[in-house]
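# Analysis of the macromolecular model
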Amino acid sequence: MFSAKRILVSGGAGFLGSHLCERLLNEGHDILCVDNYFTGTKANIAHLLDHPRFEVMRHDVTFPLYVEVDEIYNLACPASPIHYQFDPVQTTKTSVHGAINQLGLAKRVRAKIFLASTSEVYGDPTEHPQTESYRGNVNPIGPRACYDEGKRAAETLYFDYWRQHKLRIKVARIFNTYGPRMHPNDGRVVSNFIIQALQNEPITLYGDGSQTRSFCYQSDLIEGWVRLMNTGDEVTGPVNIGNPHEMTVRELAETIVRLTGSKSDLIYKPLPQDDPTRRRPDITLAKKLLDWEPKVALEDGLKETIAYFRKKLNG
Ligand code: NAD
Ligand code: UDP
Ligand code: UDP
């Protein structure tokens, strides 16, 4: 029998958080969306505001929060290199203090708690594709460390609260995800290329464009998250959630140029420091535990995302 849960989504006004809130509301749950609007926007959740089971609170997760909930999705954290490097100290605080506060909350109310961790815990990987047992190759003092090490410390805290306080934890390691409501100015590759292509501006390839990523469409990812949250208490993760379809950044640029019918040229810019050269998830574990794999083909997902940005640019 269905019973509605009270679910906290931190970072709920962001790209992925807003899609998650929508999905959980559609399932009939009560949603408390918590966000400090650093990279998220009210526009992302404007269509949910009139919903009787949706509530929003402006709150920074580095501070304590006392509410009564059954489940917590801990998403609050800037996700793009430009945004997480804007105030790196705050990024680490958000991951670490944010994890402590949300774990403390979960402990007090005995809520189940989910962490949106990242493939960045693998750093610039020396193993390919990346399985959950790979321990990573992260530069602890580089410009990406505030994000990578922040998430690694958050994972540590999750597993210590699990061992020490018997919390029910679910840790997902998320690989590059795209879709409508990506922030237009956060410098991520999919949004940058689509906006450049739609404006017939040069497409900026960093380095020689031969580095690879594997892009997952938002609805596939959210499905994986909800399945993970609904597993039995014995499942803690970490579980890779992402699309194993790997491509070079140059191939992505060419695909976007073709799909938009753009006149843009490809130009080359310096490769940022510590930029991982290859990334592809091994999703064997997710298939086994969650009976999950991505369904949306790259071109279909890109078409949705292009339509979103086209509408946004046209005002
Ligand atoms: P996003 O930047 O759109 O969303 C993050 C949200 O967290 C924003 O709404 C932001 O305002 C909020 N936030 C940031 N700091 C906060 C704080 N201190 N207190 C309260 N709210 C705060 O990014 P996203 O792509 O939706 O990512 C969501 C989560 O998924 C993040 O934890 C990110 O690390 C993780 N993730 C995303 C990807 C991806 O490809 N999109 C990949 C790996 C991991
Ligand atoms: N906390 C919170 N909401 C709660 C319970 C705890 O925000 O409902 C925060 C509080 O700031 C606390 C942190 O979570 O410092 C960790 O809580 P925990 O109980 O693990 O440790 P302690 O209270 O001993 O610091
Ligand atoms: N990238 C690029 N041009 C851009 C933005 C990004 O070539 O305009 C590259 C970037 O160097 C990286 C890849 O695309 O190799 C993915 O970058 P993104 O910031 O989206 O995510 P992450 O590096 O965190 O995987």
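Note that the structure is predicted; figures quoted are calculated from it, not measured.

## A short note on the nonpolar core
With 78 residues, the main nonpolar core has V9, C33, I72, F114, A172, F193 and W225 as its most contacted residues. Ignoring any residue separated from it by four or fewer positions in sequence, one finds C33 in contact with V9, G12, A13, C21, I45, F54, E55 and V56.

## Things to note about the sheet that holds strand β5 (residues 112-118)
Pairing within the open sheet is parallel, and its 7 strands lie in the order β3-β2-β1-β4-β5-β6-β11. The sheet is open, and its two edges are formed by β3 (54-58) and β11 (239-241), each paired on a single side. Here the average twist between neighbouring strands, direction ignored, is 20 degrees. Pairing geometry for strand β6 (residues 169-174) and β11, over 3 bridges, is parallel. Its bridge partner lying in β11, R173 is registered against N240.

## What to know about helix α5 (residues 145-165)
Here α5 is 21 residues long and its end C-alpha atoms lie 28 Å apart, about the 30 Å a rise of 1.5 Å per residue gives. Of the residues making up α5, those classed as buried are A145, C146, Y147, D148, E149, G150, K151, R152, A154, E155, Y158 and Y161. Along its buried surface, α5 packs onto α3 (81-84), α4 (88-109), β5 and β6. Positive backbone phi, at 60 degrees, marks K166, one or two positions downstream of α5.

## Here we look at the site of ligand 3
Close contacts around ligand 3 come from 15 residues, with R188, V189, N192, T204 and Y206 the closest. Secondary-structure elements contributing two or more residues to the shell around ligand 3 are α6 (189-198) and β8 (203-206). The greatest single-element share of the shell around ligand 3, amounting to 3 residues, is contributed by β8. Split into classes, the residues belonging to the shell around ligand 3 amount to 6 nonpolar, 6 polar and 3 charged.

## A short note on the site of ligand 1
Around ligand 1 sit 29 residues, and of these G11, G14, L16, T39 and G40 come closest. With 3 residues, helix α1 (residues 15-26) is the single largest residue contributor to the shell around ligand 1. Looking at the shell around ligand 1 residue by residue, the classes come out as 13 nonpolar, 14 polar and 2 charged.

What counts, and where the lines are drawn
- Numbers given to residues run from 1 along each chain, matching the order in which its sequence is written.
- As they are written, the chains are lettered A onward and the ligands numbered 1 onward, keeping that order.
- For a predicted model such as this one, the threshold for reporting local features is a pLDDT of at least 70, and the threshold for listing and counting side-chain atom pairs is 80 or more; totals across whole chains, interfaces and linings nevertheless cover every residue.
- For this entry, the nonpolar core is defined as buried Ala, Val, Leu, Ile, Met, Phe, Trp, Tyr and Cys residues connected by C-beta atoms within 7 Å.
- Buried, partly exposed and exposed are defined by the number of other C-beta atoms within 10 Å of a residue's own C-beta, namely 20 or more, between the two limits, and 12 or fewer respectively, with C-beta atoms placed from the backbone.
- This entry defines residue contacts through backbone-placed C-beta atoms, with two residues in contact when those atoms are within 7 Å.
- A pair of strands is treated as paired once DSSP finds two or more bridges between them.
- Strands are runs of DSSP state E lasting at least two residues, helices are runs of H or I lasting at least four, and both sets are numbered from the N terminus onward.
- For helices, the axis comes from a line fit to the C-alpha atoms of the stretch in contact; other axes are also lines fit to C-alpha atoms, and the angle between any two N-to-C directions lies between 0 and 180 degrees.
- Expected helix span is given by 1.5 Å per residue-to-residue step, counting one fewer step than there are residues.
- Nearness between a residue and a molecule or strand is assessed with a C-beta atom placed from the backbone; a distance within 6 Å qualifies.
- Throughout this entry, Asp, Glu, Lys and Arg are counted as charged residues, while Ala, Val, Leu, Ile, Met, Phe, Trp, Tyr, Cys and Pro are counted as nonpolar. The remaining residues, Gly among them, count as polar.

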